[in-house]
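Working through the structure, step by step
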Amino acid sequence: MNKDLTVGNPQTVLWKFCMPLFGSIIFQQLYNIADSLVAGKFVGENALAAVGNSYEITLIFLAFAFGCNMGCSVVVSKLFGAKDWKGVKTAVSTACIFSGIICFLLMLVGIAGSGLLLRLIRTPEEVFADSKLYLDIYAWGLPFVFFYNIATGIFTALGDSRTPFYFLAVSSISNIAVDICFVRAFHMGVAGVAWATFLCQGISCILATAVVFRRLAQMESGGKVPIFDFQILKQIAVVAVPSTLQQSFISFGNIVIQGIINGFGAPVMAGYSAAVKLNNLVITSFTTLGNGISNYTAQNLGAGKLARMKQGFKVGVKLVWMLSMPLFLLYFFGGSVVLKLFLEEPTELAIHTGIIYLKILSPFYFVVSTKLVADGILRGAGKMKEFMIATFTDLILRVLLAFCFSKTALGATGIWWAWPVGWCVATILSIAFYRHGPWAAQQADSR
């Protein structure tokens, strides 16, 4: 059901809107966690290392899908807030055409260049074949990834966060079952993990896209609706390109860091692979809630209600801090328990690596979550220059410090400290940019 985010108490509106988003990202991450869990438990430590190694490259592809999602979502949100139904339909078809072209080009890169990409990150020979196999299958499923992201972006732009949650809940649970079936019953190894993800994402994509177009058909737009508009494409690109660059460079930075980690051997790779999946679950959850704040901001911007953005920031911070507390406690004090879910008879070094990683990063979840809420408002308001400055500061610091700290006596442990430093500096910048936005002088409005 479509929902107008420009009316009602901001706290009530955002909580009802964002909680299904949080549930959705939990199930979205189950795709990747299930892959690692099944690979580590039923195939072996090298299989886990291979899936984790490939995961860093798949994040580059996901960055482009995420950029298309955000570009479409923010523009459609503004048009929806302004009650421009014809513009909504044109924006959706324009985004689909644009995303289809980008997806096709990335498929060519993924299919033809997976081996080269794996060589660039110094993939050890014992996990190279499985890593390449996983990547090759993943590349063929990119259209499902892209158009599912577009569909979810449209749902959230229309104020509907529940429908994508239902799709993800069913498909993620199915993915776990198919993962286990392909690996244990059919003995397909890493290929089974990849094919399970391919099939389940495909079904989700087809169903979600069908519901989106049915929802759009119910809107009374009046007259012929253009299927493509260059001005709307420009508006989409203004948000999509920086969002893609943000995620791409973060992924590129992670690949550089993965290359540094690979130099410490397979046990450290396996421990990091398990721990980073748990950390990414948290960060992606915060990012998704920030995306919800972007939709809220864009709808209210389209309706001319700037004062509601300040209230949105306060509610968003309260929400992510309530989420940060149990996750911090779980990872800091129970890290060894959750890590063992991924590793069957783990080596001492692998489990130690994962525990230290989680202990260092988890106390700073309160910091990075605040940044991502501020980023959500900046992006929803089209303040992409400020958004990019904060993002690149985090990335550059993280990569440089990971390289430098890894050369000290701390070794691999030094790499993990690069995350908190980058997060702290970037958070200061994001909050400063938010405080100087056009909504700063507006009085509160809870209507």
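Refer to the structure above for everything that follows.
Before going into details, it helps to say that this report is about the structure given with it.

Criteria and cut-off values
- Residues numbered from 1 in each chain as written.
- Predicted model: local features only at pLDDT ≥ 70, side-chain atom pairs only at ≥ 80, totals over all residues.
- Heavy atoms only, no water.
- Salt bridge = Lys/Arg side-chain N within 4 Å of Asp/Glu carboxyl O.
- Helix = DSSP H or I, 4+ residues; strand = E, 2+ residues; numbered from the N terminus.
- Buried < 20%, exposed > 50% of the residue type's maximum accessible area, 1.4 Å probe, protein only.
- Contact = heavy atoms within 4.5 Å.
- Polar contact = N/O pair within 3.5 Å; in protein donor to acceptor, adjacent residues only side chain to side chain.
- Phe/Tyr/Trp six-rings, centres within 6.5 Å; stacked < 30°, edge-to-face > 60°.
- Lys NZ or Arg CZ within 6 Å of the ring centre and 35° of its normal.

**Things to note about the pattern of salt bridges**
Where charged atoms of side chains with opposite charge meet at close range, the side chains can pair. In this structure the tally under the stated criterion is five salt bridges. For the salt bridge of Asp 136 with Lys 132, the shortest nitrogen-to-oxygen distance reads 3.0 Å. Taken together, the positions of Asp 136 and Lys 132, both in helix H4 (residues 125-140) and four residues apart, correspond to about one turn of that helix. In this structure, Lys 371 and Asp 375 form a salt bridge, with 2.4 Å as the shortest nitrogen-oxygen distance. Residue Lys 371 and its partner Asp 375 are both found in helix H12 (residues 365-380); the two are separated by four residues, about one turn of the helix. The exposure classification of Lys 371 matches that of Asp 375, with both residues buried.

**Quick notes on unusual backbone geometry**
Backbone geometry places Lys 83, a non-glycine residue, at a positive phi of 60°. Lys 83 sits in the partly exposed class, given a relative accessible area of 43%.

**Describing the environment of Val 13**
Of note, Val 13 is situated in helix H1 (residues 10-43). A relative accessible area of 8% means that Val 13 is categorised as buried. Along the sequence, Val 13 and Val 315 sit 302 residues apart, while their C-alpha atoms lie 9.9 Å from each other. Sequence-distant contacts of Val 13, defined by excluding residues within four places in its chain, comprise Leu 5, Val 7, Gly 8 and Arg 308.

**Observations regarding the side chain of Asn 291**
Along the chain, Asn 291 falls in helix H9 (residues 266-302). A distance of 2.6 Å separates the side chain of Asn 291 from the side chain of Arg 379, its partner in a polar contact. If we ignore the near neighbours within four places in the chain, the residues touching Asn 291 are Phe 66, Met 70 and Arg 379.

**A look at the packing of aromatic side chains**
Taken as a whole and assessed by the stated rule, the structure comprises 20 aromatic pairs. Here the aromatic rings of Phe 144 and Phe 198 are separated by 5.4 Å at their centres, their planes lie at 75°, and the arrangement is edge-to-face. Taken together, the residues Phe 144 in helix H5 (residues 142-157) and Phe 198 in helix H7 (residues 190-217) connect sequence positions 54 residues apart. Among the aromatic residues, those joined into a ring-pair cluster are Trp 321, Phe 328, Phe 332, Phe 333 and Phe 366. Against the face of Phe 128 rests Arg 119, its NZ or CZ located 3.9 Å from the ring centre. Directly above the ring of Phe 332 sits Lys 359, whose terminal nitrogen or CZ lies 4.3 Å from the centroid.

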